[in-house]
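The primary structure of each chain is shown beneath.
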Amino acid sequence: MDLALIWFVLIAVLWTGYLVLEGFDFGVGMLMPIIGRTNRGRRVVLNTIGPVWDGNEVWLLTAGGATFAAFPEWYATLFSGFYLPLLLILLALIVRAVAIEYRGKINDQTWRTRWDWVIIVSAWVPSILWGVAFANLVRGVPLDADHQYIGNFFTLLSPFALLGGLVTLTLFLSHGAIFLSLKTDGIIRERSEAFARRVTPVSIVVAGAWAVWAQLAYSVAWTWAAIAIAALGLVAAWYSALKGRFGWAFIANAIAIVGAVVLIFGSMYPDVMPASNDPANSLTVDNASSTDYTLTVMTWVAVIMTPVVLAYQAWTYWVFRRRLSEEHIPEHTELTFLKK
């Protein structure tokens, strides 16, 4: 068995889980001032992800840990070369966690408004930067003969990469609106459904443009299938939203994200970090991987623990499956979003 290849695929699966689950968390955060226009409305919006957002982040921790253990050279080059954008993402995730926990600690309008803006901004930043980072992995970055990144922060901000940031931004907005349509009732649900119907066609256009660019410039023939899957998923999500079938819309949007991840990792393979300046400097699945013994131990741990984690997370979503509305929020907390 080629354990290095297996772990390359497993890391792609972990990123898929993260983008599907944390994607709607980011979408919900970005939509707080649009969907939740009062304090009660924003409480409803935030409460939809309250029981699950921290569990969703486990997928990111696992993906990062798996990369460190299975492909240490990839991890080292990635985190040194992409240091600033990854640091910004990390800071956004930290302050978002603080804001979610601290928002309700004091019954004061100014206090809540400030933390609300922290949540909103800390959702926008990763939503854009994750797309920029993945686009650079597809396009490749300049590496020297020792596989070290030799560019700077602005090297990562090519038009292709920035368009990739718009892809994740629009996908997460659509995903969050569809999730809110499933988890809320009343006026919040109506606003969420209306926004989902408007933003989904935007994500189709933006993602379609980036995918075709990636395919023609950087990908291999078989990844056209991944683009087809993603396109069908987005179109199905839009059609389902128009018909009011938001359960199917959520599944279709998730399938589109799966197709996008397959396109990204399929375009990279057999590299894990392509060198744009000289293909000979690229990090590959083989030259970046750990020893067979390390990968074997990791595989057994994954076989044992993964079903446990999946079962626990599925149980969490089942327990908190009910819809929420403003009627569930006490009247005395009603405050306007912005001071006039």
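All of these numbers come straight from a predicted model, not from anything done at the bench.

Engineer: Which residues make up the overall build of the chain, and what values do they have?
Structural biologist: Scanning the chain for helices and strands turns up 13 helices and 2 strands. On C-alpha atoms alone, the chain measures out to a radius of gyration of 20 Å, which is about the 20 Å that the 2.2 N^0.38 rule sets for 340 residues. Along the longest, intermediate and shortest principal axes, the C-alpha atoms of the chain span 65 × 40 × 35 Å. Within the chain, buried positions represent 51% of all 340 residues. Long-range contacts, defined as pairs at least 24 residues apart, comprise 81% of the intrachain contacts of the chain with a sequence gap of at least 6.

Engineer: Which residues make up helix α7 (residues 83–102), and what values go with them?
Structural biologist: With 20 residues, α7 extends 28 Å between its outermost C-alpha atoms, agreeing within 8% with the 28 Å of an ideal straight helix rising 1.5 Å per residue. Burial in α7 covers these residues: P85, L86, I89, A92, L93, R96, A99 and I100. Burial along α7 is one-sided: seen end-on, the buried residues are contained in an arc of 150°. Lining the buried residues of α7 we find α1 (3–30), α3 (39–47), α4 (53–56), α5 (58–70), α6 (72–81) and α8 (109–139).

Engineer: Give me the packing of aromatic side chains: which residues, what numbers.
Structural biologist: All told, the structure shown has 23 aromatic pairs when counted by the stated rule. A centroid spacing of 5.8 Å and a plane angle of 70° characterise the contact between W111 and W115, whose relative ring orientation is edge-to-face. Of this pair, W111 and W115 both sit in helix α8, 4 residues apart, which is roughly one turn of that helix. Of the residues examined, W111 reaches a relative accessible area of 25% and is grouped as partly exposed. Geometrically, the ring pair formed by F160 and W213 is edge-to-face, given 5.2 Å between the ring centres and 75° between the ring planes. Of this pair, F160 sits in helix α9 (residues 159–183) while W213 sits in helix α10 (residues 187–218), and the two are 53 residues apart along the sequence. Taken together, F8, F71, W74, F265 and Y269 form an aromatic cluster joined through their ring pairs.

Engineer: Tell me about the pattern of salt bridges, residues and numbers included.
Structural biologist: Counted according to the given criterion, the structure contains 6 salt bridges. Across the pair R96 and E57 runs a salt bridge, and its minimum N-O distance is 2.6 Å. Of this pair, R96 sits in helix α7 while E57 sits in the loop between α4 and α5; the two residues are 39 residues apart in sequence, bridging distant segments of the chain. Judged by its relative accessible area of 15%, E57 falls in the buried class. Here D116 makes a salt bridge to R103, at a shortest N to O gap of 2.4 Å. You can see D116 sitting in helix α8 and its partner R103 sitting in the loop between α7 and α8, a full 13 residues away along the chain. Among the ionic contacts, a cluster of salt bridges with common partners joins E22, E57 and R96.

Engineer: So what about the nonpolar core? Which residues, and what values?
Structural biologist: Core analysis: the largest hydrophobic core is formed by 101 residues, its most contacted members being F71, W74, W210 and F265. If one sorts the elements of this core by residue count, α1 sits on top with 16 residues.

Engineer: Give me the environment of L21: which residues, what numbers.
Structural biologist: Looking at where L21 falls in the secondary structure, it is placed in helix α1. Between the C-alpha atom of L21 and that of L3, which follows or precedes it by 18 residues, the distance is 27 Å.

Engineer: A description of the packing of α8 against α10 should follow, citing residues and the corresponding values.
Structural biologist: The contact between α8 and α10 brings their axes to 10 Å, and the two run at 25°. On the basis of their axis angle, the class for α8 and α10 is roughly parallel. Residues A135, V138 and R139 of α8 touch α10, and the partners they reach there are W210, A214 and Y218. Of the residues in the contact of α8 with α10, the class split is 5 nonpolar, no polar and 1 charged.

Engineer: Report on the environment of F160, specifying residues and quantitative values.
Structural biologist: For F160, a relative accessible area of 2% puts it in the buried group. Linking F160 and W210, residues 50 residues apart in sequence, is a C-alpha distance of 7.4 Å.

Engineer: Outline the side chain of E326, listing residues and values.
Structural biologist: Examined against the element boundaries, E326 turns out to sit in the segment after α13 (292–319). The buried charged residue E326 lacks any salt bridge, with R40 as its nearest oppositely charged partner at 4.4 Å. Once residues lying within four places of it in the same chain are set aside, the contact partners of E326 are T38, R40, G41, V44, I187 and I188.

Engineer: Residue-level account of the confidence of the model for the chain, with values.
Structural biologist: Interpretation of the predicted coordinates at a detailed level should be avoided for regions scoring low in pLDDT. For the chain, the mean per-residue pLDDT works out to 92, and 97% of the residues sit at or above 70. In this model residues 334–340 is a low-confidence stretch, pLDDT under 50, and it forms 21 contacts with partners more than four residues away in sequence or in other chains.

Engineer: Lay out a nonpolar patch on the surface with the relevant residues and their values.
Structural biologist: A cluster of nonpolar side chains, contributed by Y83, L84, L88, L90, L91, I94, V95, V98 and Y102, occupies part of the molecular surface with about 780 Å² of accessible area. Positionally, V98 belongs in helix α7.

Calculation notes
- Residues numbered from 1 in each chain as written.
- Predicted model: local features only at pLDDT ≥ 70, side-chain atom pairs only at ≥ 80, totals over all residues.
- Heavy atoms only, no water.
- Helix = DSSP H or I, 4+ residues; strand = E, 2+ residues; numbered from the N terminus.
- Rg over C-alpha atoms; globule rule 2.2 N^0.38 Å.
- Buried < 20%, exposed > 50% of the residue type's maximum accessible area, 1.4 Å probe, protein only.
- Contact = heavy atoms within 4.5 Å.
- Expected span 1.5 Å × (residues − 1).
- Arc of directions from axis to C-beta.
- Phe/Tyr/Trp six-rings, centres within 6.5 Å; stacked < 30°, edge-to-face > 60°.
- Salt bridge = Lys/Arg side-chain N within 4 Å of Asp/Glu carboxyl O.
- Core = buried A, V, L, I, M, F, W, Y, C linked by side-chain atoms within 4.5 Å.
- Axes fitted to C-alpha atoms, helices over the stretch in contact; angles between N-to-C directions.
- Parallel < 35°, antiparallel > 145°, perpendicular 65-115°, else oblique.
- Nonpolar A, V, L, I, M, F, W, Y, C, P; charged D, E, K, R; others polar.
- Lys, Arg positive; Asp, Glu negative; His and termini not counted.
- pLDDT = per-residue confidence, 0-100.
- Patch = residues over 30% accessible without salt bridge, like charges linked within 9 Å, V, L, I, M, F, W, Y side chains within 5 Å.
- Areas by Shrake-Rupley, 256 points an atom, 1.4 Å probe, with all protein chains shown as cover.

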